[in-house]
Amino acid sequence: MGTPESGYLVYGVVPGDVESTGDGRGVGDAAVTTVAHGRVGALVSEVTLDRPLGTPDDLMAYQRLLDSTATAVPVLPMRFGTAMADIDAVEAVLAEQHDQFAELLEQFDGQAEFVVRARYAMDSVLPEILDGNEEAGALRNQIREQPEELTGNARVRLGEIVYQAIEAERQRDTQRLVEALGDTVTACRELPPSHDEDAAHLAVMVRTAQRDEFEDALRNLADDEWQGWATVRVLGPLAPYDFVQATGNGN
Amino acid sequence: MTAAIQPAAGGGNGGSSGDLADVIETILDKGLVIDAHVAIGVVGIRLMTIDARVVVAGVDTYLRFAEAVNRLDLTSSEGKELTDVVQPGAGMVEKAGQKLGELVGGGSQRDREPRRRREREED
């Protein structure tokens, strides 16, 4: 088979009765259409293969399409960059994994993903860490009293202590966040920290009907217990990027 | 300050880099993977590689924390508000972009474990 010049980008899997309105735009501003097979379908758009994919615009177009779809119907995101030679190939994949996809779509119906990220207010966290650690206090004095060129090791060790203490705090606060959200979420997945100062990084699934409860629970935690301790951000509603690994493909 | 879920354009620091960082973190390496052996017709497409992983504990990270501790010390002995130096202000909180917005806590200390906490009253 020669190298094709164009193909189809596959964005995600949706229920088979979803029809594209024709005004959905994907990567490269291409029109997004649906390919249906039984109870499942795929969102696709044509793409030329002569340029690398992954510019900021490409990534944002991909996510925008999936997230806006997720506000209306359940959608299973395909990994960014999934491309097939023709429509038949797309349909073959839908046929092959029809039941798995259908089951997941049913499971996610009426739900969306949200990502919660909390970041420590370091002026609150650092003093607490220092107060609770004798070695850190001694190192701090040493660093203060000696010329900088003599304290390299002390500074590295002090930073390491702080880093590890933050890791421990993060574990506790992530747990606290999960507790605070309780049954306002239907699923939780801890994500790797995206920053050294992260207090928590959590993906959750929320029922559309429970979204207010979810936001209230978050707000209570941020306003009360975490006031001055950590700032909380929420991304969403999103397509369930962090909850589709269950099919057993890929990692 | 009272936390509130702000409308979409919440962050207020402008620019799109925050958006892009969010996008990269949200979507990269996520999603269903089609097994190329199963699906004949999967087309290899050249992907730009973007390494979004920022958290790697190393000497640089440690030195940065040590430096933060150091600054903390200096300013408290000068009687300044620590928040002037260490707390990332609103501008450093990445923009929430087109998303829900952000909840911002800040201001007073939380009351958990008040033990031996450094005084931070204004002078």
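Residues numbered from 1 in each chain as written. Chains lettered and ligands numbered in written order. Predicted model: local features only at pLDDT ≥ 70, side-chain atom pairs only at ≥ 80, totals over all residues. Heavy atoms only, no water.

(A) Just the overall build of chain B, in detail. A count of helices and strands for chain B gives two helices and one strand. Listed by position from the N terminus, the elements making up chain B come as α-α-β. Within chain B, the fraction of its 123 residues that count as buried is 41%. Taking as baseline every contact in chain B between residues at least 6 positions apart, the subset at least 24 positions apart corresponds to 75%. Carbon and sulfur atoms make up 54% of the accessible area of chain B, which amounts to about 6900 Å² in all. (Helix = DSSP H or I, 4+ residues; strand = E, 2+ residues; numbered from the N terminus. Buried < 20%, exposed > 50% of the residue type's maximum accessible area, 1.4 Å probe, protein only. Contact = heavy atoms within 4.5 Å. Areas by Shrake-Rupley, 256 points an atom, 1.4 Å probe, with all protein chains shown as cover.)

(B) Looking closely at the confidence of the model for chain A. For chain A, per-residue confidence averages 91 on the pLDDT scale, and residues scoring 70 or more make up 96% of the total. Segment residues 246–251 of chain A is flagged for pLDDT under 50; beyond a separation of four residues in sequence, or across chains, it makes nine contacts in the model. (pLDDT = per-residue confidence, 0-100.)

(C) Representation of the environment of Ser124(A). Residue and element names in this part refer to chain A. Following the sequence through the fold, Ser-124 ends up in helix H4 (residues 122–131). Exposure remark for Ser-124: the relative accessible area of 4% places this residue in the buried category. It is 22 Å that separates the C-alpha atoms of Ser-124 and Glu-179, two residues lying 55 residues apart in sequence. Here Gly-228 takes part through its backbone oxygen, which lies 2.5 Å from a polar atom of the side chain of Ser-124. (Polar contact = N/O pair within 3.5 Å; in protein donor to acceptor, adjacent residues only side chain to side chain.)

(D) Looking closely at the nonpolar core. One finds Tyr11(A), Val13(A), Leu59(A), Tyr62(A), Leu76(A), Phe101(A) and Ile27(B) to be the most contacted residues of the largest nonpolar core, which totals 57 residues. Tallying contributions element by element places helix H1 (residues 56–70) of chain A first for this core, with seven residues. Not counting residues up to four positions away in its chain, the partners in contact with Tyr11(A) are Gly26(A), Val27(A), Val32(A), Leu43(A), Val44(A), Ser45(A), Tyr62(A), Leu65(A), Leu66(A), Leu76(A), Pro77(A) and Met78(A). Counting residues in hydrophobic clusters, the runner-up holds 43 residues, among them Phe114(A), Tyr120(A), Ile161(A) and Phe65(B). (Core = buried A, V, L, I, M, F, W, Y, C linked by side-chain atoms within 4.5 Å.)

(E) Just the packing of aromatic side chains, in detail. The final tally for this structure, using the stated rule, is six aromatic pairs over all chains. On the basis of an interplanar angle of 45° and a centroid distance of 5.1 Å, the ring pair of Phe114(A) and Phe214(A) is categorised as tilted. Here Phe114(A), found in strand E6 (residues 111–120), pairs with Phe214(A), found in helix H7 (residues 211–225); they are 100 residues apart in sequence, far enough to count as distant. By the burial criterion, Phe114(A) is buried, and Phe214(A) matches it. We note Arg64(B) situated over the ring of Phe65(B); from NZ or CZ to the ring centre the distance is 5.8 Å. (Phe/Tyr/Trp six-rings, centres within 6.5 Å; stacked < 30°, edge-to-face > 60°. Lys NZ or Arg CZ within 6 Å of the ring centre and 35° of its normal.)

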